[in-house]
Amino acid sequence: GAGVSQSPRYKVAKRGQDVALRCDPISGHVSLFWYQQALGQGPEFLTYFQNEAQLDKSGLPSDRFFAERPEGSVSTLKIQRTQQEDSAVYLCASSQTPGQNGRKHFGDGTRLSIL
Amino acid sequence: QKEVEQDPGPLSVPEGAIVSLNCTYSNSAFQYFMWYRQYSRKGPELLMYTYSSGNKEDGRFTAQVDKSSKYISLFIRDSQPSDSATYLCAMRVTQGGSEKLVFGKGTKLTVNP
């Protein structure tokens, strides 16, 4: 595809359920990021991958959040035992190279609602 | 105090007006300064990207950075209804092999025809 693809676009889950959010980055992009955007707020960093290596997970809010990118392309963000405060838009971004010239391309996000 | 402060607005202007958006920041480690535009239910898209203090122009958009004051601005000339969106300032920071963007809260702009 031409851009970063995220699925599902919308996800509704009951409190306590586990959810998995998928990101298909632009083919060949080395760097992949996950951000969380609460209503009326700017995106907040969750985690960063360079190929399959998770170099930074300092933004993950709790140990209920887990991200992986096993083959250095598709990434999955998993949230266990969801809580209402997890309701947000989860954005994925990718860039061709790490570093200062790595222009980041964002997907349109997964809108997660926890009831 | 957040690392990046941005007035959320909302801001409403008539078509053709000059729009001024700005952010302040506190972290001297920020190296690159960006402005993103985000339409409703869409992901952010990069508008402008600057490194040094000074001005950078691209069509109707001008980005301004003042590192000494830790202040950045985006000016939109001859604003159009299609410019109606949320504008996010963002700053890149690197640390220990990682990199991330730190965003402002976003300013919601409406340009009225």
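Here, every reference points to the structure presented above.
*Asks:* Teacher, can you tell me more about the pairing of strand β7 (residues 65–68) of chain A here?
*Replies:* Residues and elements named next belong to chain A. Only one face of β7 is covered, namely the one carrying Phe65 and Ala67; the face carrying Phe66 and Glu68 has none of its residues buried. In this sheet, strand β8 (residues 75–79) lies alongside β7 in antiparallel orientation, the contact comprising four bridges. When the sheet's bridge partners are listed, phenylalanine 65 is paired in β8 with isoleucine 79. The loop that links β7 with its antiparallel partner β8 comprises six residues; one of these, glycine 72, has a positive phi angle of about 75°.

*Asks:* Could you clarify how one ought to interpret the interface of chain B and chain A in this entry?
*Replies:* By a frequent convention, interface size equals the accessible area lost on bringing the separate parts together. Taken together, the contact between chain B and chain A spans 20 residues of the former and 26 residues of the latter. Contact with chain A buries area across many residues of chain B, yet Arg41, Glu99 and Lys105 of chain B alone supply 28% of it, more than any other trio. Taken together, the connections running from chain B to chain A amount to two salt bridges. With a closest N to O distance of 3.6 Å, aspartate 108 of chain A and lysine 42 of chain B form a salt bridge. Of all the secondary-structure elements, those providing two or more residues to the side of chain B that touches chain A are β4 (32–38), β5 (45–50), β9 (85–95) and β10 (98–103) of chain B. Ranked by residues supplied to the side of chain B that touches chain A, first place goes to β10 of chain B with five residues. The class makeup of the residues in the side of chain B that touches chain A is eight nonpolar, five polar and seven charged.

*Asks:* Looking at this model, I keep getting lost on the state of the cysteines. Mind explaining?
*Replies:* Formally, a disulfide is one covalent bond, and it connects the sulfur atom of one cysteine to the sulfur atom of another. Scanning the model with the defined rule gives two disulfides over all chains in all. Each disulfide pairs two cysteine sulfurs, and for cysteine 23 of chain A the partner residue is cysteine 92 of chain A, the sulfurs being separated by 1.9 Å. Taking the sign of the torsion about the S-S bond as the criterion, the disulfide between cysteine 23 of chain A and cysteine 92 of chain A, at about -65°, is left-handed. One end of the pair, cysteine 23 of chain A, is in strand β3 (residues 19–24); the other, cysteine 92 of chain A, is in strand β9 (residues 88–95), with 69 residues separating them in the sequence. Here the two residues cysteine 23 of chain A and cysteine 92 of chain A agree in accessibility, since each one is buried. With a sulfur-sulfur separation of 2.0 Å, cysteine 23 of chain B is cross-linked through a disulfide to cysteine 89 of chain B.

*Asks:* Would you mind going over the sheet that holds strand β1 (residues 4–6) of chain B with me for this structure?
*Replies:* Residue and element names in this part refer to chain B. What the five strands build is an open sheet, ordered β1-β3-β8-β7-β6; its pairing is antiparallel. A strand with exactly one partner marks an edge of an open sheet, and here the two such strands are β1 and β6 (54–58). Here the strands of the sheet are splayed against their neighbours by 15° on average, with no regard to which way each runs. Looking at chain direction, β6 and strand β7 (residues 61–66) are connected through five bridges and run antiparallel. Bridge pairing links aspartate 58 to phenylalanine 61 in β7.

Quick notes on the rules
- Residues numbered from 1 in each chain as written.
- Chains lettered and ligands numbered in written order.
- Predicted model: local features only at pLDDT ≥ 70, side-chain atom pairs only at ≥ 80, totals over all residues.
- Heavy atoms only, no water.
- Buried < 20%, exposed > 50% of the residue type's maximum accessible area, 1.4 Å probe, protein only.
- Helix = DSSP H or I, 4+ residues; strand = E, 2+ residues; numbered from the N terminus.
- Pairing = 2+ DSSP bridges.
- Contact = heavy atoms within 4.5 Å.
- Buried area = accessible area lost by both parts, 1.4 Å probe.
- Salt bridge = Lys/Arg side-chain N within 4 Å of Asp/Glu carboxyl O.
- Nonpolar A, V, L, I, M, F, W, Y, C, P; charged D, E, K, R; others polar.
- Disulfide = S-S within 2.5 Å.
- Axes fitted to C-alpha atoms, helices over the stretch in contact; angles between N-to-C directions.

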